[in-house]
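Coordinate inspection notes
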Amino acid sequence: MTTGALWHEKYMWWDTRHASVFIPSGGWLEPDEHAENPRTKRRLKNLLDATGLSGQLQWLTPREATVEELCRVHDRDYVDRMKALSDDDGGDAGELTPFAGGGFEIAALAAGGVIAAAEAVRDRVVDNAYAITRPPGHHAERDRGRGFCMVGNVAIAARHLQAAGPGEIGRIAVVDWDVHHGNGTQQAFWDDPRVLTISLHQDGYYPHESGYADERGEGAGHGSNINVPLPPGTGTGGYEYAFDEVVVPALERFRPEFVFVASGFDSSALDPLGRQMLHSEGFRRLTRRMVDVAASTAGGRLLGVHEGGYSAGYVPFCGLAVLEELSGIRTEADDPFLDFLSAMAGQDLAPHQKDVVDGLVPLVADVPAP
């Protein structure tokens, strides 16, 4: 098996400016490093290098997405405004998405990188792939950035696959395990029965007004959006149960030709911006389920795209577990946190978590089948 990986140093140059956690500094907020900073993803890349896994992956080359490609998901006025702000001194893309001058070009490079990785998987240059991109994208809406995201990386790449002409991909699935709701991806495909969007996230976290189970899509797209709002404190057992009862059956019914994973590691037990309890072995198990279901429905076409994750110490081990499972290569690196985290109370499926997932099982029957 050949696993592709994508990275560019410029991704680390996306500048979220000074903040206290995620609120811009000023007033009573002493300037500090923004939570969305380069360290988590740079340290993931460093760990891949240190373990030797980097040398066993096929590295892919990103490019900037064109304005036409961005506008398959975003309004032209929004794209033009972001370019103008970027050419000046930066600004805020909408809500909690600060960026410095030159940020538009880096965001376009992230979106274009995901397109390049998707093409490599589609064309069988690699069997599967993982894109370590920055800034993240799943919160970006049609006409505004939200939650550190300027443009919808996964949504833009999915639209590209649908519009690519010969060899185009018709049926696409997106599974999002970031701790926050994938509102931008949901919006992009709200009425499109050709794209199944599934978001597993902490209930009622961000954005506060979205991510509920009754958000199903509309028109021809009704049934093609599934939200799995998990209670705070859900551990590996709860996530695995949700995959086994809802996510995998929905994918098997939909039978996509290509599968994206919006891979946020802020659902880990050590993340400062989440209250869930996944550990690296949990992410490994979820990845194994995705590899297996992609093999049975999509000819193995699977692309992971990095989203959130704000623990500089722990994101690298979660990402390494995912890439090891994608590639089938186990390195000598052990997760030094795993024994501690796996022994924490709450890792097993709890009755109230089971009740939430069981209530979502009927949604699978409404997923559009081929």
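Not measured: the values here are computed from a predicted model. (Residues numbered from 1 in each chain as written. Predicted model: local features only at pLDDT ≥ 70, side-chain atom pairs only at ≥ 80, totals over all residues. Heavy atoms only, no water.)

1. Some words on helix α7 (residues 236–254)
Compared with the 27 Å implied by 1.5 Å per residue over 19 residues, the 25 Å span of α7 between its first and last C-alpha is a close match. At phenylalanine 243, α7 shows its maximal kink, close to 45°. Among the residues trailing α7, arginine 255 stands out with phi positive, at a value near 55°. (Helix = DSSP H or I, 4+ residues; strand = E, 2+ residues; numbered from the N terminus. Expected span 1.5 Å × (residues − 1). Bend = angle between axes of the 7 residues up to and from the residue.)

2. With respect to the packing of helix α1 (residues 39–51) against helix α9 (residues 315–327)
In the contact formed by α1 and α9, the axes pass within 8 Å of each other and the chain directions differ by 55°. Between α1 and α9, the interaxial angle falls into the category oblique. In this structure, α1 meets α9 at a crossing whose hand is right-handed. Of the residues in α9, those in contact with Thr40, Arg43, Leu44, Leu47, Leu48 and Thr51 of α1 are Val315, Pro316, Phe317, Gly319, Leu320 and Leu323. (Axes fitted to C-alpha atoms, helices over the stretch in contact; angles between N-to-C directions. Parallel < 35°, antiparallel > 145°, perpendicular 65-115°, else oblique. Left-handed = near helix turned anticlockwise from the far one by under 90°. Contact = heavy atoms within 4.5 Å.)

3. So, the pairing of strand β13 (residues 225–230)
The buried fraction of β13 is high, at six of six residues. Strand direction decides the pairing type here: strand β12 (residues 195–202) and β13, joined by six bridges, are parallel. Across the sheet, residue histidine 201 finds its bridge partner in β13, namely proline 229. (Buried < 20%, exposed > 50% of the residue type's maximum accessible area, 1.4 Å probe, protein only. Pairing = 2+ DSSP bridges.)

4. So, the pattern of salt bridges
Counted under the stated rule, the structure contains 30 salt bridges. Notably, a salt bridge pairs lysine 45 with aspartate 49, separated by 3.1 Å at the nearest N-O pair. Of this pair, lysine 45 and aspartate 49 both sit in helix α1, separated by four residues, roughly a single helical turn. Among the ionic pairs, arginine 159 bridges to aspartate 192, the shortest N-O distance being 2.7 Å. Taken together, the residues arginine 159 in helix α5 (residues 153–163) and aspartate 192 in the loop between α6 (183–188) and β12 connect sequence positions 33 residues apart. In terms of burial, arginine 159 and aspartate 192 fall into one category: buried. (Salt bridge = Lys/Arg side-chain N within 4 Å of Asp/Glu carboxyl O.)

5. Section: the nonpolar core
Counting residues in each nonpolar core, the largest one holds 101 residues, and the members touching the most others are Met150, Phe260 and Met290. The biggest single contributor to this core is helix α4 (residues 103–122), with 13 residues. (Core = buried A, V, L, I, M, F, W, Y, C linked by side-chain atoms within 4.5 Å.)

6. Thoughts on the environment of leucine 251
Inspection of the secondary structure assignment puts leucine 251 in helix α7. When near neighbours in sequence (up to four residues on either side) are disregarded, leucine 251 contacts Ala173, Val175, Leu196, Pro256, Met290, Val293 and Thr297.

7. Describing unusual backbone geometry
Looking along the chain, the bond that leaves arginine 134 and enters proline 135 is cis, with omega of 5°. Along the chain, proline 135 falls in the loop between β9 (128–131) and β10 (145–146). For leucine 96, which is not a glycine, the phi torsion comes out positive at approximately 55°. Mapped onto the elements, leucine 96 comes out in the loop between β7 (94–95) and β8 (98–100). Of note, the phi angle at phenylalanine 148 is positive, near 75°, even though the residue is not glycine. If you trace the backbone, phenylalanine 148 turns up in the loop between β10 and α5. Overall, phenylalanine 148 belongs to the buried group, its relative accessible area being 7%.

8. Description of the pairing of β12
In the case of a regular strand, side chains alternate between the two sheet surfaces. Most of β12 sits inside the fold, with eight of its eight residues counted as buried. Of the pairings in the sheet, the one linking strand β11 (residues 172–176) to β12 comprises five bridges and is parallel in character. Each bridged residue has a counterpart across the sheet, and for isoleucine 172 the counterpart in β12 is valine 195.

9. Overview of the sheet that holds strand β2 (residues 18–20)
Taking strand neighbours across the sheet as the criterion, the three strands line up as β3-β2-β4 in an open arrangement whose pairing is antiparallel. The outermost strands of the open sheet, each flanked by one partner alone, are β3 (23–24) and β4 (32–33).

10. Examining the packing of helix α8 (residues 280–297) against α9
The N-to-C vectors of α8 and α9 enclose an angle of 30°; their axes lie 8 Å apart at closest approach. The angle between the axes of α8 and α9 places the two elements in the roughly parallel class. By crossing handedness, the relation of α8 to α9 is classed as right-handed. Within the contact between the two elements, α8 uses Ser280, Phe283, Arg284, Thr287, Arg288 and Val291 and α9 uses Phe317, Cys318, Ala321, Val322, Glu324, Glu325 and Leu326. A class-by-class count of the residues in the contact of α8 with α9 yields seven nonpolar, two polar and four charged. (Nonpolar A, V, L, I, M, F, W, Y, C, P; charged D, E, K, R; others polar.)

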